[in-house]
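Chains, contacts and geometry: an overview
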Amino acid sequence: MRKPTAIRIWAMVAALCIMGGMGCKQQKTREPQIPELAYRLKWVFNTSAAGELYAMEHGIFKAAGLSVEVKPGGPEKDAIKELELGHAQFGVASADMVIRALSQGAPVVVAAQLFQINPLQWIYRSDRTVIETPADLAGKVLGVTFGGNDETIMRALLAKYGIAGSEVELHSVRYDYTPFYQGKVDLWPVYRNAQGIIIEEKLRQAGEKAVFFDPHGAGVRFVANSVVTTRDMIEQQPEVVDRFISALLTGWEAAMDPANSDETIRIIHAYDPDTPVDQIRRQWAVTRKFVKPSSGFKIGTIDVSAWEETERIMVEQGLVQKPVNVRTAL
Amino acid sequence: MLHKRLYQFLIVYLIGLSVLLGFKYGLSLSDYVIPGVPMIWKAAEGASGRYVADTLNTLGVAVVGHMISIFLATVVGILGRRRSWAGSMIRAAAYNIQAYPIVAVAPIIFILLGDGPVSRLLIAAMICYFPLLLSFMGIFSEPVKDIEHFFNATGRMNWRLQVKIRAFENMRKLTTVIVGSATMAMVGTIVAEFIAAANGIGYSIRIALYQSDLAKILVALFYIGIFTSLYLFCLEWAGFRIEKRFETPKEGRG
């Protein structure tokens, strides 16, 4: 008695599941498909992701018919690898990452360049260290992250100004700023629009004046954050790529508009609550200079010559074995 | 015994590498995501000399850190073996210190002690100390009733004798846990170097990671495995000799 009843119950459950499944399927086919995209940032949520956060919070992606998950990055996250593995469809990567990936056969394509000026600069105390021209770097203790792009930029600078390696002392840099605070290192690499503001503030509170050495101003153009995707995405879903980039850049234009600064700062603070609002305000102002150098400038413009210069620097330093012809990936 | 250890490591390494390459070719991934064999070979040719020196540097710190943690675990194990309030307090303190993740404590250590060998040593010792401590406490607080009863009854028992009896009767256990914790000492040193030091194979892995160079990381893992196997062999050999030394009189008595 029990067995046929159990069979009947299971049969009903199975039938309901099948009907439910079909119903869902039919419903799905009726609704227009919204592409679900994952977008991997290069770093954690902070001012450098102002445009992405603005677009997300103001429904700009949604209005473009896209469902976008903006994922924070970090030191061990590599957007290009995630693109190839299918964990993300878009991501943020610096030019050195893109050029390295291209040299190893990764099918990566640059869809937009977010930062026109690399925010990587070196902070120093103006009362202790005098740097009027790049040649003044000679004889200084310079902080670099060995293996990082700041090392590449610093070596390019030294080469450009004919400063031999023996004329400077390179100090290995990590997250801990103690050697700089103690004065053991003269120049310390920082992202001018992020930690730069925070360290500058700390020094100011200690009664010291901090200034920044800008490699871009010294003639070394090394491209920073850019939006990347795969060649497959460009070829197979060009319309989705267009919609995504358009929505993203709309978000960036709005986030960098002084009229929206309060709203942008509010959004950034919601995602980065550890940074005080007044610091975010200063970070925003500096970020704006790097992303939109002039009022008429179109955010996202790819500076091809800067990319070629970045490639040349990497080839000269042996970071890639041979030129990758980066122009073809832009 | 040595070649057995090395064979075992090589088999594990090659299986891991094969799985990785299987993924690469199965999913048609570029060399940027997973490097091919030629690229790994090239990385090995270019970086081997430096990586061997770095691994030896790391191993040196790991060995010293391991010795420190054995000493500490022995001292705390002996002090904490008592069922008194002080013994309980020492055990609780030892457990609580271990509850803090090393990645949270490491930055403080590096700020206070700098990025030299002392910080690496301390972190290596901290990582391998806890499993040692657990075993040592278990061993030193467990009476060997048959033997201790005699000394207790004759009034000749003192703390030194008690510790000796418990250590000798559990020599195999002690050797096993010391060998086991050696791997953790190596891992601890590498983690410390990865986080903040400016030397050792952990630091080299960090640089390779900055450059998205998995080929170099695979080469580093190879040398870490080889040298860790060598160190484990040395410990096993020492343990074997000690055991032999204590077994011989017993056999003679029998």
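Residues numbered from 1 in each chain as written. Chains lettered and ligands numbered in written order. Predicted model: local features only at pLDDT ≥ 70, side-chain atom pairs only at ≥ 80, totals over all residues. Heavy atoms only, no water.

1. Quick notes on the overall build of chain B
Just so we agree on the cut-off: Helix and strand definitions here come from DSSP, where helices need a minimum of 4 consecutive H or I residues and strands a minimum of 2 consecutive E residues; each element is numbered from the N-terminal end. Relative accessible area decides the class of each residue, using a 1.4 Å probe on protein chains only: under 20% of the type maximum gives buried, over 50% gives exposed, and in between gives partly exposed. Two residues form a contact once any of their heavy atoms are found within 4.5 Å. Methods summary: accessible areas were calculated by the Shrake-Rupley approach with a probe of 1.4 Å, and residue burial reflects only the protein chains presented. Note that His is not counted, nor are the chain ends; the positive residues are Lys and Arg, and the negative ones are Asp and Glu. The location of each charge is read from NZ of Lys, CZ of Arg, CG of Asp or CD of Glu.
From N to C terminus, chain B includes ten helices and zero strands. Dimensions of chain B, computed from C-alpha atoms along their principal axes, come out at roughly 75 × 45 × 30 Å. Counting over 254 residues, chain B shows a buried share of 44%. The long-range fraction of contacts in chain B, counting pairs at least 24 apart against all pairs at least 6 apart in sequence, stands at 73%. In the structure as shown, chain B presents an accessible area of about 13500 Å², 69% of it carried by carbon and sulfur atoms. For chain B, the distance from the average site of its 24 positive side-chain charges to the average site of its 14 negative ones is 7 Å.

2. Focus: the layout of surface pockets
Inclusion rule: Buried and open spaces are told apart on a 1 Å grid over the protein atoms alone, a cavity being a set of points where a 1.4 Å probe fits but cannot get out and a pocket being an open set with protein on both sides within 12 Å along at least five of seven lines. Residues with an atom within 4 Å of a point are the lining residues. Grid points are joined across faces, edges and corners, and a volume is the space filled by probe spheres set on the points. Put simply, Ala, Val, Leu, Ile, Met, Phe, Trp, Tyr, Cys and Pro go in the nonpolar bin, Asp, Glu, Lys and Arg in the charged bin, and everything else, Gly too, in the polar bin. Domain start and stop positions are those given by an automatic or database domain assignment.
Taken as a whole, the second largest pocket holds about 810 Å³ of empty space. Contributing to the lining of the second largest pocket are 27 residues, with A:Gly318, A:Leu319, A:Val320, A:Gln321 and B:Asp213 lying nearest its centre. When residues of the lining of the second largest pocket are traced back to their parent elements, those giving at least two are α5 (95-103) and α6 (149-160) of chain A together with α2 (37-79) and α10 (214-253) of chain B. Among the elements that take part in the lining of the second largest pocket, α2(B) stands out by supplying six residues, more than any other. Partitioned by chemical class, the residues of the lining of the second largest pocket number nine nonpolar, nine polar and nine charged. For the lining of the second largest pocket, the domains that each give at least three residues are domain 1 (36-117 + 223-329) and domain 2 (120-213) of chain A.

3. Focus: the sheet that holds strand β3 (residues 90-93) of chain A
Residues and elements named next belong to chain A. Put simply, the test is: Think of it this way: DSSP has to see at least two bridges between two strands before they count as a pair. Axis angles are defined between N-to-C directions and span 0 to 180 degrees, where every axis is a line fitted to C-alpha atoms and, for a helix, only to the segment in contact.
The five strands lie next to each other as β2-β1-β3-β10-β4, forming an open sheet whose pairing is mixed. Lying at the two open borders of the sheet, with one neighbouring strand each, are β2 (67-71) and β4 (108-113). With strand direction ignored, the average angle separating the axes of adjacent strands in the sheet is 25°. Pairing of strand β1 (residues 36-40) with β2 involves five bridges; the strand directions are parallel. Looking across to β2, one finds that Ala38 is bridged to Glu69. Contacts from α5 reach β3, β4 and β10 (226-230) within the one sheet, and its direction differs from that of β4 by about 160°.

4. Things to note about the packing of α5(A) against helix α13 (residues 304-316) of chain A
All names here are of chain A. Put simply, the rule reads: With respect to orientation, any angle under 35 degrees is reported as roughly parallel, any angle over 145 as roughly antiparallel, any angle of 65 to 115 as roughly perpendicular, and every other angle as oblique. By definition, turning the near helix anticlockwise from the far helix through less than a right angle yields a left-handed crossing, and turning it clockwise yields a right-handed one.
Two elements in contact, α5 and α13, have axes separated by 10 Å at closest approach and are oriented at 65°. As the angle between them shows, α5 and α13 are arranged roughly perpendicular. The hand of the α5/α13 crossing is right-handed. On α13, the residues touching Ala95, Asp96, Val98, Ile99 and Arg100 of α5 are Trp307, Thr310, Glu311 and Met314. Residue classes in the contact of α5 with α13 are distributed as five nonpolar, one polar and three charged.

5. Let's talk about the interface of chain B and chain A
Note the following rule: In short, buried area is how much 1.4 Å probe accessible area vanishes from two parts on joining, totalled over both. Salt bridges, as used here, are contacts in which a Lys or Arg side-chain nitrogen is within 4 Å of a carboxyl oxygen on Asp or Glu.
Listed per partner, the contact involves 25 residues of chain B and 24 residues of chain A. Taking both sides of the interface into account, the surface hidden between chain B and chain A amounts to around 2100 Å²; carbon and sulfur atoms contribute 52%. When the area that chain B buries against chain A is broken down by residue, the three leading residues are B:Tyr32, B:Tyr210 and B:Gln211, summing to 33%. Counting every contact that joins chain B to chain A gives zero salt bridges. At the level of elements, α2, α4 (102-113), α8 (171-195) and α9 (200-210) of chain B are the ones that each hand at least two residues to the side of chain B that touches chain A.

6. Remarks on a nonpolar patch on the surface
Stated precisely, the cut-off is as follows: For patch detection, residues must exceed 30% relative accessible area and be free of salt bridges, and they are connected within 9 Å for like charges or within 5 Å for nonpolar side chains (Val, Leu, Ile, Met, Phe, Trp, Tyr).
Taken together, the side chains of A:Leu85, B:Tyr7, B:Ile11, B:Ile15, B:Val19, B:Phe23 and B:Leu27 define a hydrophobic patch exposed on the protein surface, amounting to about 710 Å² of accessible area. Top contributing element to the nonpolar patch by residue count: helix α1 (residues 2-26) of chain B, with five residues. Tracing the chain through its elements places B:Ile15 in helix α1. Owing to a relative accessible area of 52%, B:Ile15 belongs among the exposed residues under this scheme.

7. Description of the sheet that holds strand β5 (residues 120-125) of chain A
Sheet strands associate in pairs through backbone hydrogen bonding, adopting either a parallel or an antiparallel arrangement. All names here are of chain A. Taken in spatial order, the three strands line up as β8-β5-β9 in an open sheet, and their pairing is antiparallel. A single partner strand is all that each edge strand has here, and the edge strands are β8 (188-191) and β9 (210-213). Across the sheet, the mean angle from the axis of one strand to that of its neighbour is 45°, orientation sign disregarded. In this sheet, β9 lies alongside β5 in antiparallel orientation, the contact comprising four bridges. In the sheet register, Arg125 faces β9, and the bridge partner there is Ala210. Sitting on the sheet, α6 touches β5, β8 and β9, and the angle it makes with β5 is about 75°.

8. Regarding α4(B)
Residues and elements named next belong to chain B. Operational definition: A helix is expected to reach a length of 1.5 Å times the quantity of its residues less one. What the arc covers is the set of directions going from the helix axis to the C-beta atoms.
Look at α4: 15 Å from first C-alpha to last across twelve residues, which is about the 16 Å you get at 1.5 Å a residue. Burial in α4 covers these residues: Ile102, Val105, Ala106, Ile109 and Phe110. For α4, the angular spread of buried residues about the axis comes to 140°, placing them on one side. Opposite the buried face of α4, by more than 90 degrees, sit the exposed residues Ile108 and Leu112. Residues of α4 that are buried sit in contact with α5 (117-141) and α8.

9. Quick look at unusual backbone geometry
For A:Asn325, which is not glycine, the phi dihedral falls at a positive 55°. Tracing the sequence through the fold places A:Asn325 in the segment after α13. One non-glycine residue with positive phi stands out, namely B:Ser28, at about 55°. As for its placement among the helices and strands, B:Ser28 is situated in the loop between α1 and α2. The class for B:Ser28 is exposed, based on a relative accessible area of 62%.

10. Notes on the pairing of strand β6 (residues 141-144) of chain A
Selection criterion: With the strands pointing away from the viewer, any crossover whose connection runs clockwise from the first strand over the helix to the second is right-handed.
Alternating residues of β6(A) divide into A:Val141 and A:Gly143 and A:Leu142 and A:Val144, and every residue in both groups is buried. On the question of chirality, the crossover connecting β6(A) to the parallel strand β7 (residues 169-172) of chain A by way of α6(A) is right-handed.

11. Some details on the domain arrangement of chain A
Residues and elements named next belong to chain A. Formally: Between N or O atoms, a polar contact is any pair within 3.5 Å; within protein, one atom must be a potential hydrogen donor and the other a potential acceptor, and residues adjacent in sequence are included only when both atoms are from side chains.
Domain boundaries assigned for chain A yield domain 1 (36-117 + 223-329) and domain 2 (120-213). Measuring from the centre of the C-alpha atoms in domain 1 to the corresponding centre in domain 2 gives 26 Å. With 15 residues of domain 1 in contact, the opposing surface of domain 2 contributes twelve residues. Carbon and sulfur atoms make up 52% of the surface buried where domain 1 meets domain 2, a total of about 1200 Å² over both sides. A per-residue breakdown of the area domain 1 buries against domain 2 is headed by Arg282, Gln283 and Gln317, which together make up 35% of the total. In this structure, the connection of domain 1 to domain 2 is made through one salt bridge. Here domain 1 is connected to domain 2 by five residue pairs in polar contact (both at pLDDT 80 or more). Element by element, the count of residues in the side of domain 1 that touches domain 2 is highest for helix α12 (residues 277-291), at six residues. In terms of residue class, the side of domain 1 that touches domain 2 is built from five nonpolar, seven polar and three charged.

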